[in-house]
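# Structural features, examined
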Amino acid sequence: MRKPIIAGNWKMNHAPAQAATLLAQLIPLLHETACDVVVCPPFVSLSETLSLTRGTPIAVGAQNCHIEKSGAFTGEVAPDFLAEMGVRYVILGHSERREYFGETDAFINRKVRAALSCGLIPIVCVGETLAQREDGVTAELVSYQTRAALAGLSPAQVGSLVIAYEPIWAIGTGMTATAADANTVIGIIRGQVRKTWGDAADMIRIQYGGSMKPGNAAELMAQPEIDGGLVGGASLNADDFAAIVHYQAERNA
Ligand code: PEP
């Protein structure tokens, strides 16, 4: 049984004071959770978030890291620094980083290795554009992105990390993949993992991301292949994020 994992990607929102306000609303709503819960603030709010979430079920993730341990890389943050602070997860290969910062599959693979080497758990994002979906290349593309991002890893490493399947056309648009579609594509990703890394496919957790909300979380999470959610917009609202985390209660309501 894979433990579900819901992660909030705050993107470039919430400097420390706003992060504190959101966490003050969120923490009382998340005393008991049936799934792993992660919040990923911007770098500048990590310290505040780590100190406010200490002793709660909420783990903290970063939204990016560099590939090197230190050196002349102005403006970058080493994964070791994050691990030393107590950060547990790091989002890598988000479509916004691929699109706006030119991150390639090979570079993302180097980031994944660097993150794992210092004990961070990568949340590796893959997903197709609308044009790619309409061209019928979704399966081929996400399979390739998965192989490329995880190249050279051992089955144990692959089993320990998280993939987020995020159809790019569904991110921040209010459009969601149907639960059945998301389940199918995530099944394809898991099949690719099985082909290369065997039983790691039974361990790796694969999230859906793309306009996940309280109203669709339960249906998405009911799909057998979907192990969690990477939540953007809705993670900035405490009630919405908590309702997604408590999707089972919503389902039973
Ligand atoms: C994301 O950016 O990872 C995301 C899924 O955003 P949203 O939930 O806003 O679509």
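Worth saying up front: this structure is predicted, and the values here are computed from it rather than measured. (Residues numbered from 1 in each chain as written. Predicted model: local features only at pLDDT ≥ 70, side-chain atom pairs only at ≥ 80, totals over all residues. Heavy atoms only, no water.)

## Here's the deal with helix 9 (residues 179-197)
Here helix 9 spans 26 Å end to end across 19 residues, near enough to the 27 Å set by a 1.5 Å rise per residue. Listing the buried residues of helix 9 in full gives Ala 179, Ala 182, Asn 183, Val 185, Ile 186, Ile 189, Arg 190, Gln 192, Val 193 and Trp 197. Just past helix 9, the residue Gly 198 takes up positive phi, approximately 60 degrees. (Helix = DSSP H or I, 4+ residues; strand = E, 2+ residues; numbered from the N terminus. Expected span 1.5 Å × (residues − 1). Buried < 20%, exposed > 50% of the residue type's maximum accessible area, 1.4 Å probe, protein only.)

## So, the site of the ligand
Taken together, 14 residues lie near the ligand, and Lys 11, Glu 166, Gly 172, Ser 211 and Gly 232 sit nearest. Contact distances for the ligand include 2.5 Å between an oxygen atom and a side-chain N or O atom of Lys 11. One of the side-chain N or O atoms of His 94 is found 2.9 Å from an oxygen atom in the ligand. Contact with the protein chains removes 96% of the 300 Å² of surface that the ligand exposes when unbound. Broken down by class, the residue content of the shell around the ligand amounts to four nonpolar, eight polar and two charged. (Near = heavy atom within 4 Å. Polar contact = N/O pair within 3.5 Å; in protein donor to acceptor, adjacent residues only side chain to side chain. Areas by Shrake-Rupley, 256 points an atom, 1.4 Å probe, with all protein chains shown as cover. Nonpolar A, V, L, I, M, F, W, Y, C, P; charged D, E, K, R; others polar.)

## Section: the pattern of salt bridges
Using the criterion set out here, one finds 14 salt bridges in the structure. For the salt bridge of Arg 133 with Glu 128, the shortest nitrogen-to-oxygen distance reads 2.8 Å. Owing to a relative accessible area of 21%, Arg 133 belongs among the partly exposed residues under this scheme. Residue classification places Glu 128 among the buried positions, given a relative accessible area of 0%. Note that Asp 227 and Arg 190 form a salt bridge whose closest N and O atoms lie 2.7 Å from each other. Separated by 37 residues along the polypeptide, Asp 227 in the loop between helix 11 (214-221) and strand 8 (228-231) and Arg 190 in helix 9 bring together distant segments of the chain. Across the pair, exposure class does not vary: Asp 227 and Arg 190 are buried alike. Linked through salt bridges whose partners overlap, the residues forming this network are Arg 2, Arg 190, Glu 225 and Asp 227. (Salt bridge = Lys/Arg side-chain N within 4 Å of Asp/Glu carboxyl O.)

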